Amino acid sequence: MKASHRLRLLLLLPVVTVVLLATAIVLLSLHNIRGHFATSGAAQHADLEVIARMADFSRRINEVHNATISALRGAMADNLDELQLYRQHRNIVDELEQLDALVQQLTHSELMISANHNSARELQEEFRAYRHFVIMATDVIAVDPQVADEFISQAAAHFREFSLYTSIVSGRLAERSQVRTTEQNALVNNALWQVLITGLLSLLLLFSVAFLVARRASTQILQIADALTTLSRSEQQEIPLPQIEAMQHGQGELAGIAGTLLKFRNAIERQRAAEQKAFELAFYDPVTGLPNRRLLAEHLEHALALGQKNNTWTALLLLDLDGFKTINDLHGHRLGDQLLVEVTGRFTAQLQDRGTLACLGGDQFVLLLDGLNGNNRDAALQARQLAKELSGCLQAPVQLQDNTLYISASIGISMIQQPPELPEQPLQFAEAAMYQAKAEGRGIIRFHDAGIQQRLEERAFMELELRQAAERDELVLYYQPQVGNNDKVDGAEVLLRWQHPQRGLIPPMDFIPLAEETGLIIGIGQWVLEQACAQLAQWQQDPALAELSLAVNVSARQFSEAGFVQQVADILHATGANPHRLKLELTESTLLHNMEDTIARMQELQQLGVQFSLDDFGTGYASLQYLQRLPLDQLKIDRSFVQGLLSGDSDPAIVRAIIAMGQALHLEVIAEGVEERSQQQNLALLGCRHYQGYLFSAPVPLAHFEQWCLLHHNASQPA
Amino acid sequence: MTVNTIQYLFRLGRQVAVLLACTLSGVASAGFIEIPASPQHIALLQQGGLVVYMRHGRTDARIPDQIPVNLNDCSSQRPLTDAGRQTLDNIGQYVTQLNIPYQSVISSPFCRAQESARRVFGEAIQIDIDLRYTAAMPAAERKPAVERTRLHLSEPVSPMGTNRIVVSHGPNIAELMDYLPKEGTLILFRPLGQGRFEYLASIPPAHWPELLRQWQTENTLR
């Protein structure tokens, strides 16, 4: 059977059931009522017949009586002969016989019995007596009318008697009939009520049954409707329909429809799966499951648009496994694919969602980095950092099917800030860089941009050279004198210079940041301290130089290095230098980095006798509160204030305030960058007592400084 | 059914009864004429072959038949009057005088019929129960009596030269013809067989003197 037919049957079933059973009830009720009416009607008919017979009897007995009277009169008046009288007599006898039968019937009728049998019996007896006398009368009427008259008189008495009974019986019959009619009507009414109530109850029952059937059906239909809505709206790959599945295994009429619906659902699911598969094939690499070239292009477009808007950099890293073709050839594509999956796993784990990893097919991976902040160099550094990490995670050999594979990747990087003229350009650039890297060997990282490449190369080279510089004694210390009032030499600041064999003398600002970035500063700083302390110890042997102190710059990284205090103590102990002659110069940024720790270290060193000077004072954000807490000995006014003082760019009030502040805190104040005598004079007027600068001497090698000291000493010596 | 309706039916019944009485009296007046017997009839009787049907004698109406009547108890039956008995005895003398031949005398079982038969025709009588007739006899019982009477009137008489004497009641004849003879009347019939008979003449009690006179006159003339 078709599902529509089944459904139609299911929907019609309750209605048809109700209609059929209701019709049956109505027919049964009608039959019942008709039976009651028929019984009642028959009873009433019988009663009416009895009453009619009673009336008939009354009429006929009157006729007989009248006939008797008239016969008597005829006989008396001699109007009638004997034959006529006989004939009348005979008719009367016949009529009376029939009436006797009628009375017999009446007295035995149901109505008469139920009405009043005694009256009826008396009526019968009176009638018989009457009949008797009438017959006797008419019998002799021709013979002797006088005698007949006597009999008739007696008959008349009986006639009156039974006439009375007749009327009584008639009345009772009428009453009884009425009562019986009422009873019958009551019975019929009862039957009607019974039928009505039974009918209503049955209909109620039927309706309930029909309602239940209909509700069961409609519940299932609603569930099917819900399922259809779910099917039309769900965008999930799988569409669970537990109710429909239950319905399919159930016995309901709609099980077939539920089955069809589930088939429909399964078809949709298969279609979705196919669409998903097609989507993956279109946008994802089948082996690694990573986005493919097409999806990468979309990501790149989006990243470039975002980068242009936010003025950030985008980097494209193309990674190509070295010697993958060889592995493929040797071990087969199957293993090659497994290797790619392994590499994908390592990359993904390493990246932790930094950037977008894609696979261009084969052994070529691409990492897209977007939203790189800072300038070109910083962005490039971040890109290279990630490239190094990715290279690093390939260092551990790969174990596949009892094969130990050593792999590496050649990485080409292209940096983009503006959307390229052609969309494929960034990838082409990265590819070019990658081929360049490949040409240079295994595991090489190359940038496409020549400038970046060069700068990064230079930096790397410089790092290498700086590392070697200490070993090659290319680092040298220069000394710049610090003088007090009356040009008395207090000491010197030790300044680091790199005597490069090819490039000559390199100023600190060109290599100190690199040394700090790379951590080389720690080794270099220690060397400087050793040199300075050794020099102090040496000067202590010479009475002319024994009073000199040395100021050494300590970088933040060096100062925060664990064991720095111990290092200083060791050096002082090893060299035998007087700690009071060693002055460590710290910048404000060093102090602010980790203040509590810094203060603790400074106090430890101060206990040793080491002096502290705050370098570049006034350029940072030093506040009185922390100045008070720091165990400082000296403030160094930055050269910018000193030079501004001469040109009028800076307010003398600021310099005066700095000096006053130093004095209030009982700190020595020294001005650096003093180049002219007027500057010194102005500073002196403002309260400054110590100076450093070209006015006195440029930073010079040790030998020159010692010579200058001796000359200056002599010159300044009050003769 | 109300009392009014019943009263209406009573009224209607009375009117119909009056109508019925008029009709009955009208019918009875037409037709039959009693023929008084003549000496010729006596002659026929003397030849034999006739049926003489006699209604019993004069009765006393004050003592009617009891209903139901007891045939074995004469006191439950209407009796003959003494005058009636005298008349019957007279008639018996006339019958003897006229020398009317008869062998069998058939009588109704009623006492008045038997007594009448004996007084007129002598002791030798035959009782025919089927000839009985009562005023209260209904139509169904009446019919056999009438048929019995018809049989006696129509069957040829044997032996030859005698007459059949039947003594019974008036209504038996009234049922066969429009004729109710007076009590004590002799009626002469010629039986024709097969239920048929011919009425010849009647001799009511009052006619006897005249008949005997005529008969004597004729015999004298002869």
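Read on for an overview of the structure. (Residues numbered from 1 in each chain as written. Chains lettered and ligands numbered in written order. Predicted model: local features only at pLDDT ≥ 70, side-chain atom pairs only at ≥ 80, totals over all residues. Heavy atoms only, no water.)

**Focus: the state of the cysteines**
Residues and elements named next belong to chain B.
And step 1. According to the stated counting rule, one finds one disulfide over all chains in the structure shown.
And step 2. The disulfide bridge from C74 ends at C111, spanning 1.9 Å between sulfur atoms. Here the S-S torsion is close to -80°, and the disulfide linking C74 with C111 is therefore left-handed. On the criterion of sequence distance, the pair formed by C74 in the loop between strand 1 (51–55) and helix 3 (82–98) and C111 in helix 4 (residues 111–121) is long-range, its members being 37 residues apart. (Disulfide = S-S within 2.5 Å. Helix = DSSP H or I, 4+ residues; strand = E, 2+ residues; numbered from the N terminus.)

**With respect to the packing of aromatic side chains**
Each aromatic ring pair is characterised by the separation of its centres together with the angle its planes make.
And step 1. Counted by the stated rule, this structure contains 19 aromatic pairs over all chains.
And step 2. Ring geometry for W539 of chain A against F705 of chain A: centres 5.6 Å apart, planes inclined by 35°, an arrangement best described as tilted. Here the residue W539 of chain A occupies a position in helix 14 (residues 520–539), and F705 of chain A occupies one in helix 23 (residues 702–716), the gap between them amounting to 166 residues.
And step 3. The class of W539 of chain A is buried, set by a relative accessible area of 2%.
And step 4. We classify F705 of chain A as buried; its relative accessible area is 0%.
And step 5. Taken together, F32, Y179, F189, F197 and Y199 of chain B form an aromatic cluster joined through their ring pairs.
And step 6. In this arrangement the basic side chain of R294 of chain A is found over the ring face of F283 of chain A, its NZ or CZ atom lying 5.6 Å from the centre.
And step 7. Positioned above the aromatic ring of Y478 of chain A, the side-chain terminus of R497 of chain A is 5.7 Å from the ring centre. (Phe/Tyr/Trp six-rings, centres within 6.5 Å; stacked < 30°, edge-to-face > 60°. Buried < 20%, exposed > 50% of the residue type's maximum accessible area, 1.4 Å probe, protein only. Lys NZ or Arg CZ within 6 Å of the ring centre and 35° of its normal.)

**Some points on the pattern of salt bridges**
Residues and elements named next belong to chain A.
And step 1. All told, the structure shown has 44 salt bridges over all chains when counted by the stated rule.
And step 2. One salt bridge in this structure joins R59 and D56, with 2.4 Å as the shortest N-O distance. One end of the pair, R59, and the other, D56, are both in helix 1 (residues 3–77), three residues apart, so they sit about a helical turn from each other.
And step 3. Classification of R59 by relative accessible area gives partly exposed; the value is 22%.
And step 4. According to the relative accessible area criterion, D56 is partly exposed, its value standing at 21%.
And step 5. The residue D378 makes a salt bridge to R377 at a minimum N-O spacing of 4.0 Å.
And step 6. Overall, the relative accessible area of 32% leaves D378 in the partly exposed class.
And step 7. A residue is classified by how much of its surface remains accessible, and R377, at 33% relative accessible area, is partly exposed.
And step 8. Each member of the salt-bridge network shares a partner with another, and the members are D56, R59, R60, E63 and E95. (Salt bridge = Lys/Arg side-chain N within 4 Å of Asp/Glu carboxyl O.)

**What about the nonpolar core?**
Residues and elements named next belong to chain A.
And step 1. Formed by 75 residues in total, the largest nonpolar core has its most connected members in L582, L584, L605, L632, I637 and L683.
And step 2. Among the elements that line this core, the one with the most residues is helix 14, at 10 residues.
And step 3. If near-sequence neighbours (up to four positions away) are discounted, I637 is found in contact with F617, V642, V655, I658, I659, V669, I670, A671 and E672.
And step 4. Listed in part, the 44 residues of the second largest apolar core include V50, L102, F133 and V143. (Core = buried A, V, L, I, M, F, W, Y, C linked by side-chain atoms within 4.5 Å. Contact = heavy atoms within 4.5 Å.)

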